[in-house]
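# Report on the structure
Next come the chains, spelled out residue by residue.
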Amino acid sequence: MHFKETDLPGIGRKYWLHTRSGEHLVIVVHNDERRDLFHMESGDQAEDLGDMVSLVTLDDDEARAVAAIVGGMTYKPQFQNEREVMLEGLLIEWLRIEPHAACIGKTIGEMNIRQVTGVAILAAVDKEKQKQFNPGPEYVFTSGATIVVAGERDQLKQLKQWLTDGRM
């Protein structure tokens, strides 16, 4: 995640956030307490902004309500703890393959996923919503795909780093 902030003299302050999923969010906090949230397409490079996808303008009360919701102040999911207890340490997670991940274009076999991390890949869903259950070693990782994986917490942490950076 990359984050920048810039003063906008006479207007307010601008915040720019490049998310791990490769998306851009630009937030302008105006001196009159309005907030403009711009969802932008990614450019050719991680730092480049593409075209605006959407814009939402919030007043002060709306912005504070959204902040409470997104920040987990009104609801914090508890499913993770219940799931771990039910499966005695085995976790099942959905991982999105980010646009700049090291695994893109490589196969499960090339990355030796099971042997290196101990994680089982249960399913894969590509950006076009094509599903593949129990993908084999020939499955090629693509940007924006979601994989469903099973393993212990430390194994999943290793897998995330292996997929993202190509190292552990």
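Structure report, in brief. The residue numbering used here restarts from 1 in each chain and proceeds along that chain's sequence as written. It should be noted that, the model being predicted, local features are given only for residues of pLDDT at least 70 and side-chain atom pairs only at 80 or more, the latter also being counted only at that level, while totals for whole chains, interfaces and linings use all residues. Side-chain metrics rest on all non-hydrogen atoms present in the structure, leaving aside hydrogens and water.

When its secondary structure is counted, the protein shows 5 helices and 9 strands. Start at the N end of the protein and walk to the C end: the helices and strands fall as β-β-β-β-β-α-α-β-α-α-β-β-β-α. Long-range pairs, those at least 24 residues apart, make up 44% of the contacts in the protein between residues at least 6 apart in sequence. Note that accessible areas follow from Shrake-Rupley with a 1.4 Å probe, and for residues the cover is restricted to the protein chains shown. Total accessible area computed for the protein in this model is approximately 11100 Å², and 53% of it derives from carbon and sulfur atoms. In this text, helices come from DSSP runs of H or I with a minimum length of four residues, and strands from runs of E with a minimum of two, each type numbered from the N-terminal end. In what follows, a contact means two residues having at least one pair of non-hydrogen atoms within 4.5 Å.

This part takes up the pairing of strand S3 (residues 24-30). Partly exposed residues are those whose accessible area sits between 20% and 50% of the maximum for their type, while under 20% is buried and over 50% is exposed, using a 1.4 Å probe and protein chains only. Every second residue of S3 is oriented toward a common face, the buried set being His-24, Val-26, Val-28 and His-30 and the non-buried set Leu-25, Ile-27 and Val-29. When DSSP finds two or more bridges between a pair of strands, those strands are recorded as paired. One ladder, built from 7 bridges, connects strand S2 (residues 12-18) with S3; its direction is antiparallel. Of the residues in S3, the one forming a bridge with Trp-16 is Val-26. Adjacent in sequence and paired antiparallel, S2 and S3 are bridged by 5 residues, among which Gly-22 carries a positive phi angle near 90°. As judged from the 6 bridges shared by S3 and strand S4 (residues 35-42), these two strands associate in the antiparallel manner. By the bridge assignment for S4, Val-29 is matched with Arg-35.

What the 4 strands build is an open sheet, ordered S6-S9-S7-S8; its pairing is antiparallel. Of all the strands in the sheet, the pair left with one neighbour each is strand S6 (91-96) and strand S8 (131-133). Taking each pair of neighbouring strands and ignoring which way they run, the sheet shows an average axis angle of 20°. With 5 bridges connecting them, strand S7 (residues 120-125) and strand S9 (residues 146-151) associate as antiparallel partners. Counterpart to Ala-123 in the pairing with S9 is Val-148. A fitted line through C-alpha atoms represents every axis, and for helices the fit uses only the stretch in contact; the resulting angles, taken between N-to-C directions, go from 0 to 180 degrees.

This part takes up the sheet that holds S2. Spatially, the 5 strands line up as an open sheet ordered S1-S2-S3-S4-S5, and their pairing is antiparallel. Here the strands that pair on one side only, and so sit at the sheet edges, are strand S1 (2-8) and strand S5 (49-58). Each strand of the sheet is rotated relative to its neighbour by a mean of 20°, with strand direction disregarded.

Once that is clear, we can look at the nonpolar core. Nonpolar side chains in soluble globular proteins generally cluster together in the buried interior. Definition used in this section: a nonpolar core is a set of buried Ala, Val, Leu, Ile, Met, Phe, Trp, Tyr and Cys residues joined via side-chain atoms within 4.5 Å. With 20 residues, the main nonpolar core has Ile-97, Ile-113, Phe-141, Ile-147, Val-149 and Leu-163 as its most contacted residues. Broken down by secondary-structure element, the contributors of at least two residues to this core are S6, helix H3 (108-111), S7, S9 and helix H5 (153-165). If one sorts the elements of this core by residue count, H5 sits on top with 4 residues. Aside from chain neighbours lying at most four places away, what touches Ile-113 is Ile-108, Gly-118, Val-119, Ile-121, Phe-141, Leu-159, Trp-162 and Leu-163. One finds Trp-16, Val-26, Val-28 and Met-40 within the second-largest nonpolar core, a separate group that totals 5 residues.

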